[in-house]
Amino acid sequence: MLVLGAGAGAADLPVGKTAEVRSAIFAGGCFWCIEADFEKLPGVIAAESGYTAGHTVNPTYEQVSAGSTGHTEAIRVTYDPQKVSYPQLVDYFWRHIDPTVKNRQFCDVGSQYRSGIYWQNEAERKAAESSRDALLAGGKLPRIETEIIAASAFYPAEEYHQDYYKKNPIRYAYYRQGCGRDARVQQIWGGG
């Protein structure tokens, strides 16, 4: 649990007040894209690109993208649980990825682009597994390849990856369109 005071990211709080914030870790392929998606969700304070679920300590982008670290590109979401719940984050996550494929997301192929939900306590584990089971029972998806495992160390990505979609909007838009992410998400989930 993180506690932020005014001036430390809790801009909508009265001066001197603190708010409890929590974090959640997800992997949905390219971290630029999933970071951009989550930062649009009300109740999310920030999303940070990074690497998780591997065996290399303090990996670099070059190491992770080569596929030898065991890590996947991921994000750590900081959120206000008074405005958005963990189950809502999980539901939002599903609808921004293709959970039916293994070791890839859209045009990015390899275990470093696998999708995952990395739970940090039993309540999160149960929420993630229950959400997955409900999706499968609903019959919309033939299978779900997204891993749901205990969180391990999260290593923030290099600064140039953070908020890439804001820093490089033209390159980001070209990549996202060219990768077919939004078209595939629309195909799976529809407009709602």
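Residues numbered from 1 in each chain as written. Predicted model: local features only at pLDDT ≥ 70, side-chain atom pairs only at ≥ 80, totals over all residues. Heavy atoms only, no water.

What to know about the pairing of strand β4 (residues 72-79)
- Of all eight residues making up β4, seven are buried, and the element is well covered by its neighbours.
- Alignment of strand β3 (residues 44-52) against β4, held across eight bridges, turns out to be antiparallel. Its bridge partner lying in β4, T52 is registered against T72. (Buried < 20%, exposed > 50% of the residue type's maximum accessible area, 1.4 Å probe, protein only. Helix = DSSP H or I, 4+ residues; strand = E, 2+ residues; numbered from the N terminus. Pairing = 2+ DSSP bridges.)

Comments concerning the layout of surface pockets
- Roughly 400 Å³ of internal volume is contained in the largest pocket.
- R22, S23, R76, T78 and Y79 are the residues nearest the centre of the largest pocket, which is lined by 21 residues in total.
- Going through the elements one at a time, β2 (18-28), β3, β4 and α4 (122-138) are the ones with two or more residues in the lining of the largest pocket. (1 Å grid on protein atoms, 1.4 Å probe; cavity = no way out; pocket = protein on both sides within 12 Å on 5 of 7 lines; lining within 4 Å. Points joined across faces, edges and corners; volume = space filled by probe spheres on them.)

Quick word on the pattern of salt bridges
- All told, the structure shown has 13 salt bridges when counted by the stated rule.
- Notably, a salt bridge pairs R176 with D37, separated by 2.9 Å at the nearest N-O pair. Here R176 is found in helix α6 (residues 169-179), whereas its partner D37 is found in helix α1 (residues 31-38), with 139 residues between them in sequence.
- For D37, a relative accessible area of 3% translates into the label buried.
- Beyond isolated ion pairs, a larger network of salt bridges with shared partners links D37, R176 and D182. (Salt bridge = Lys/Arg side-chain N within 4 Å of Asp/Glu carboxyl O.)

Describing the packing of aromatic side chains
- Tallying each qualifying case throughout the model produces ten aromatic pairs.
- Residues F31 and Y61 carry aromatic rings whose centres are separated by 6.4 Å and whose planes lie at 40° to one another, so their mutual orientation is tilted. Of this pair, F31 sits in helix α1 while Y61 is found in helix α2 (residues 61-66), placing the two residues 30 residues apart along the sequence.
- Taking relative accessible area as the criterion, Y61 reaches 22% and is therefore assigned partly exposed.
- Judged by centre distance (5.8 Å) and plane angle (50°), the ring pair of F93 and W94 falls under tilted.
- Given a relative accessible area of 0%, F93 falls into the buried group.
- Look at W94 and you get buried, because its relative accessible area is 0%. (Phe/Tyr/Trp six-rings, centres within 6.5 Å; stacked < 30°, edge-to-face > 60°.)

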